[in-house]
Structures are given as structure tokens and as C-alpha cells.
Amino acid sequence: MSEASQQFIADMTAAGASARADGPRILYDVVAVGGALAGQTITTGVSISEVQSWPAVPPHWIHLPASVHFTETNMDETDCAPGYVRHSRDYNYTDTSIRPARAWLSHVRGFISIAIAEAA
Amino acid sequence: MRYSVAMSGDTEAVMRDHLLREDGQEDVLIATYVLSTGIERTTAVIRSVILPRDGERHVHGNASFTSAYVLRAAHEARVAGHGLALLHSHPGGHGWQRLSRTDWETESDYERVARSATKMPMLGMTLGGENIAWSARFWFDRTEPTWAESVRSVSPVLAVTWNDELRPVPKITGAQERTVSSWGDRSQGRIARLRVLVVGAGSVGLDVAQRLAATGLITVGVMDYDAVERRNLDRMIGATRLDAALGRAKVDVAARLMKSAATADVIDVRRHEVSITDPVGVSIALDYDVIFSCVDRPWPRAVLNGIAYADLIPVIDGGIALTTFPDGHMRNGIWRTHTLTPGRPCMACIGQLVAGEVSLDKLGLLEDPEYIEGAGREAPSHQNVAALSASVSASLLAQFVSLVAHPGSRGAPAPLHYVLSTHTLMQSDTSCGPYCAYENATRTGDRRTPIAEHRNDWREEVEARKAKRHPLRLRILSSVEYLLQRYTNRLR
Ligand SMILES: [Zn+2]
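What counts, and at which threshold
- Residues numbered from 1 in each chain as written.
- Chains lettered and ligands numbered in written order.
- Predicted model: local features only at pLDDT ≥ 70, side-chain atom pairs only at ≥ 80, totals over all residues.
- Heavy atoms only, no water.
- Contact = heavy atoms within 4.5 Å.
- Buried area = accessible area lost by both parts, 1.4 Å probe.
- Salt bridge = Lys/Arg side-chain N within 4 Å of Asp/Glu carboxyl O.
- Polar contact = N/O pair within 3.5 Å; in protein donor to acceptor, adjacent residues only side chain to side chain.
- Pairing = 2+ DSSP bridges.
- Helix = DSSP H or I, 4+ residues; strand = E, 2+ residues; numbered from the N terminus.
- Axes fitted to C-alpha atoms, helices over the stretch in contact; angles between N-to-C directions.
- Phe/Tyr/Trp six-rings, centres within 6.5 Å; stacked < 30°, edge-to-face > 60°.
- Buried < 20%, exposed > 50% of the residue type's maximum accessible area, 1.4 Å probe, protein only.
- Donors = N, O, S within 2.8 Å, 3.2 Å for Na, K, Ca; no water.
- Expected span 1.5 Å × (residues − 1).
- Arc of directions from axis to C-beta.

Asker: Just checking my understanding: could you explain the interface of chain A and chain B for this structure?
Answerer: Where interface size is given, it is often the accessible area lost as the parts come together that is meant. Listed per partner, the contact involves 26 residues of chain A and 28 residues of chain B. Broken down residue by residue, the surface that chain A buries against chain B is led by Ala56, Asn74 and Thr96 of chain A, which jointly contribute 26%. At the surface where chain A touches chain B, the tally comes to 0 salt bridges. Seen at the junction of chain A and chain B, the total is 10 residue pairs in polar contact (both at pLDDT 80 or more).

Listed below in C-alpha cells is the structure:
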């Protein structure tokens, strides 16, 4: 694994989301703070190919279980675990007084918190 | 291979303060370095300064190192994976300093210690105190050093000491009278020798490249893998209908225009039909002293933002954004320009680079209508008018002049932006945050974060263009044009 991917795992773990490699992706757990999934622990991830320039370039796509829905996002299944899709969501990290991993984590948390209830 | 040394302005100040003593005596110092390896140039980037402890050097008469000092420093360098640099001062020295017999023997004696500890060549440096001139040489073995071509100190003020033997002062020509009368022949000699790379040969890059040639620079590179199309002709001043009809490479058009604009007797125009987002583009960029970033996408910007700090090559970037009202008339225009050096904020921290968009750029999604629709994003605006792109190139070039000629001794300004609707020019007081990955990678050289990536798409584009056959009448026109150009450029 590249130095940058190892750094991503170390940084996420230090930020409280213990991360591990899993095939072409890195997985970690996040607790949703609001929305339909509030209180639940969600396993989410990023493609390893997206953290090759970490922390200079953050990842973009957020891997989530296919059962989690949003009103409007772009999705695909690249690098995803079975039963997962990845969502594209604009990420604008310009406040570099915050650690990159913490900023990424609150971005992901914010995204999960706007998930809508699964259609029956 | 050419050799050079780069140091940040802060590092240089620490070394200078130590080496130039109030009592006027010579002094010695040790530092470590990392390599920054280009295609034609290898640069030692000074990494850290190891100040001597009490009794670790002698300062009376000919200053000298104790072997305890050299051994301690060599150990520190080895642990960090750095090379070792031995420095001394010639307080009364003026210009590029050579080695005295004693200097030679000292450096040659310690070469083995340094190389066996660090597995890297030993670097020797001298500071001439009279006009703050640095010189440097690489010891690949103990018999004879290989002289560097230049030593640069990089901060908003770029100061380069040239080795006149390896890169002689270019002759001032009759076409340069006005230029030289503006900043003097010494500045002209220093500036003309800078190797400057323009990345992106579109409306702004093409203008910048021509003006660098007209300023008298003797080596200017242009990097772009794209070709001229008809829709470029409203902004690429100097590009012709023939260029568009033949789909000529933008670097070829830039080279032609630069040769006509050049005021030096001989100009070396380097054409690089490659992408800066590819490792080969990065290696080429590392051969240059200053880079103009005339690109508008996040990925190339991220690569250049990295090089500015990791390899201590000042990058001057800029751009323009025009907005329109729904009825189509003009709402506003903002252009921004900024010089990236240690001591000035990087593009990620001033918002010029949204690093989170780099992965979209890599996937080609920033221009993908389907993706844009799904993301609820605004389509990228490509509005631009020739009358305004000159404002961007003018501001970039003014930053260049401040960086290299330092009128008022202040160097390049803080990031600037101009708001067209309100006619206000503003200077940003932003600085990089403590977790800025770019600034934190300052002076890492070849250990820079890899942002460039090998790709075939641009290579295929370049190959396809080269293989393309054109109608006979266009080929004849092209040959006639070429001959005319050649003879015109020979006129003295
Ligand atoms: Zn920054």
C-alpha cells in the first residue's frame, strides 16, 4: 500500500474513525448525527485510488450501503463492496486550520445526516 | 546534467546570519539537503541547518570544522535520509566564489565521510559576504567537484546567484535599450538567465510567453499538449487561421510568436507537448527557475501548487471568471493572480484550487453534462474575452517583475484580485493554515506527494495530431510561411 494510503488510514484512525483496507477501498465507521439514520453506525469508505495524493488531494466519492438514499446525487459502483454504491458530493476543504481527516469526517457525517428514509 | 541549489528565504537567512559574523571573520556551517530531480537539472534543496555546538568549529583565521561536528551532522543526515552540505563564508567575497586550496582540501577530506554516511554526494557551498552571493559544488568523489550552475533563495523575493562560467551573462542587444534602462544591466543579466516555463499556451499563456521573450530571456519553455482550434482565435492573439486549419500544436504557435518577439540574440524556446499532470511533465518542470501557471483546471493546479513548495520553484498563477445575467448581459468579472512561494499562501488555502475537485477532474467529470446535471452543479463557465484576458497576463507579469527585480525591495505581492464591476483591486491577507498539506511539504523535493499520474489519453491525442495528413494547399502555405519566418527572424 502506498505511503499516502497508509497516511489516510492513520489520520482517519487518529480522528476517531478506525480505518482498514478492504480490497480496492478503505472502510471506516461513522455514526449518523441526524436524518433518517440518526444514531446508527454506518460503515462507509473511499476508493484507495482516491487517496494516492492524500492529504494534498482529498477523496471525493463516499461509499455507502445501497440501502441509504439521497434526494439527488451521482452514483456508481466503482471499487465498492457488494451491496454498496458510491456517491459524489462536492467537497470544499479550504479551512486548513482543521486537520484534513477531521474535515473529511465531518463532511461525510454531514452527508449521511441528510439521508432520507428508505422507500418501503 | 546541470546542477543547482535551492533554499527557502528563511533557511537562507538562518545560514547567512550564522556565516556573516559581526567581527568579520570567516565561519563554517553544516546543513542537510534533499534532491529534486528534473530531466536536465538536479537540484539540492536545503532541508535543515545543523548549527555547531560550542567547540565544534574553529573561527580564527581560516575557519574550520572539527570532525566531531561533521560526524554528528552526518549521523543526523543519515537518520533523516538527507544529504550533507558543508558551508563556509568569504566575508569580503564578491560574486560566485571559487575554492581556495585549503577549502578544496577540507571539502575533499570530508567527502568520504559524507558519502559513506548518507550515500549521497557531498555538497559544498560558499557565501560571498560582499554582495550576498552563494556558490555551490557537488562532490561525487574526492578528486574534483562538479560545479553548480546557480543557487537560488526563494521567498516572495527570488534571488539567484549565477555561475557565470556555466551560464554566461547574455550580451545586451540594441533591441533591449529601454528594458535595460528600466532596471539596469545587472538585473537584466540575472533575469535574462532565468529558465521560465509557461504551462498552458492559451490566451494568457501565449501572451506571457511572448512578453518573456521580448524581455530578453534566453530560455523559455511552453508546455501544452493541446492544438489550436477555430474557437480559440478570438483570444489567442497571434494565432492565425492557418494555425487553426492545420490544428497546429499550441506550443508550436507559441514558439513561432516567441521567436519573432525575442530581443536576445539567440533564444532557446523549449516546446513541451506534454501534460503537467503526468510525471514526465513534472520532471520537465523541475528544470526551470520560475513557472507560470496558465491553466484553469484543478488537477494541473494541484500539481503546480505542490511543486511551488516542495521544490522551491516559484509558481505564478492566475485566472479570470466572468458572470452574466440571465438576459445575457455582463454582470461581473473577477481576475485573480498570486505568486506561490514560501511566505505566501498556496492556491488551496486562498480558494483558487478546490482540492476536492481534483478526483472529478481526473475522471473527466467536471465537463460531463450528465454528471453536472445529477450533481446539481453549475456548468463550468468558459466565458472569456480577449480584452480582459490581457488583464490576467498583465497582472501575472507584474508579479513576475516584483518577484525577480524586486522594485521597492518587496518582492511578489500577497494574492491580488480585481473586481471589474466595482473597480476595486484587493490584496488578500490569508495565509496557509497549520494543516495545509502543500505548505507542510515545503522542501521535500523528490519526496513530494505524488499528484501527477501516468496517463495515455493526452499521449494519444498528441500522436493522432502528428499522424494527421493535411490538404496540399495548406501544406504549401505552411512551407511558405515557415521560410518567411525563418528569414525574418535572421534579420539583425
Ligand atoms: Zn496552503
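Asker: Explain the sheet that holds strand β17 (residues 330–340) of chain B here, please?
Answerer: Hydrogen bonds between backbone atoms are what pair the strands of a sheet, whose relative direction is either parallel or antiparallel. Residue and element names in this part refer to chain B. Taken in spatial order, the 8 strands line up as β14-β13-β12-β15-β16-β17-β18-β19 in an open sheet, and their pairing is mixed. Edge positions in the open sheet fall to β14 (268–272) and β19 (424–427), since each of these has one partner strand only. Averaged over all adjacent pairs, the angle separating strand axes in this sheet is 15°, with direction ignored. Along the sheet, helix α5 (residues 203–215) makes contact with β12 (195–199), β13 (219–223) and β15 (290–293), crossing β12 at roughly 165°.

Asker: Is there a simple way to think about the packing of aromatic side chains in this case?
Answerer: Aromatic ring pairs are described here by two measures, namely the spacing of the ring centres and the angle between the planes. Residue and element names in this part refer to chain B. Tallying each qualifying case throughout the model produces 16 aromatic pairs over all chains. An angle of 45° between the planes, with centres 6.2 Å apart, marks the rings of Tyr225 and Trp458 as tilted. You can see Tyr225 sitting in the loop between β13 and α6 (241–246) and its partner Trp458 sitting in helix α14 (residues 457–467), a full 233 residues away along the chain. Since its relative accessible area comes to 7%, Trp458 is described here as buried.

Asker: In this structure, what is going on with the pattern of salt bridges? I would like to understand it.
Answerer: If the charged atoms of two oppositely charged side chains come close together, the side chains can form a pair. All names here are of chain B. What the rule picks out here adds up to 39 salt bridges over all chains. Put simply, Glu481 and Arg248 hold a salt bridge, and the shortest N to O gap is 2.9 Å. Highlighted residues: Glu481 in helix α15 (residues 472–490) and Arg248 in the loop between α6 and α7 (250–261), separated in sequence by 233 residues. For Arg248, a relative accessible area of 15% translates into the label buried. What you see here is one network of salt bridges that share partners, running through Arg2, Glu40, Glu149, Arg195, Asp268 and Arg270.

Asker: Help me understand the coordination of the zinc ion in this model?
Answerer: Each donor-metal-donor angle would ideally measure 109.5 degrees in four-coordinate tetrahedral geometry, or 90 or 180 degrees in six-coordinate octahedral geometry. All names here are of chain B. At the metal site, the zinc ion is ligated by Cys346 (SG), Cys349 (SG), Cys432 (SG) and Cys436 (SG), and these contacts range over 2.2 to 2.4 Å. In the primary sequence, the donor residues of the zinc ion line up as C-x2-C-x82-C-x3-C. Placement of Cys349 in helix α10 (residues 347–350) and of Cys436 in the loop between β19 and α14 is noted, with a sequence separation of 87 residues between them.

Asker: Which parts of the structure should I look at to understand helix α1 (residues 3–14) of chain A?
Answerer: Since the α-helix advances by 3.6 residues per turn, residues separated by three or four positions end up pointing in the same direction. Residues and elements named next belong to chain A. A rise of 1.5 Å per residue sets the reference length of α1, with its 12 residues, at 16 Å; its end C-alpha atoms lie 16 Å apart and thus fit the reference within 8%. Among all positions in α1, only Ala4, Ser5, Phe8, Ile9 and Met12 are buried. Down the axis of α1, the buried side of the element spans an arc of 145°, and every buried residue falls inside it. Turned more than 90 degrees from where α1 packs its buried face, Glu3 and Ala14 sit exposed. Among the residues trailing α1, Gly16 stands out with phi positive, at a value near 100°.

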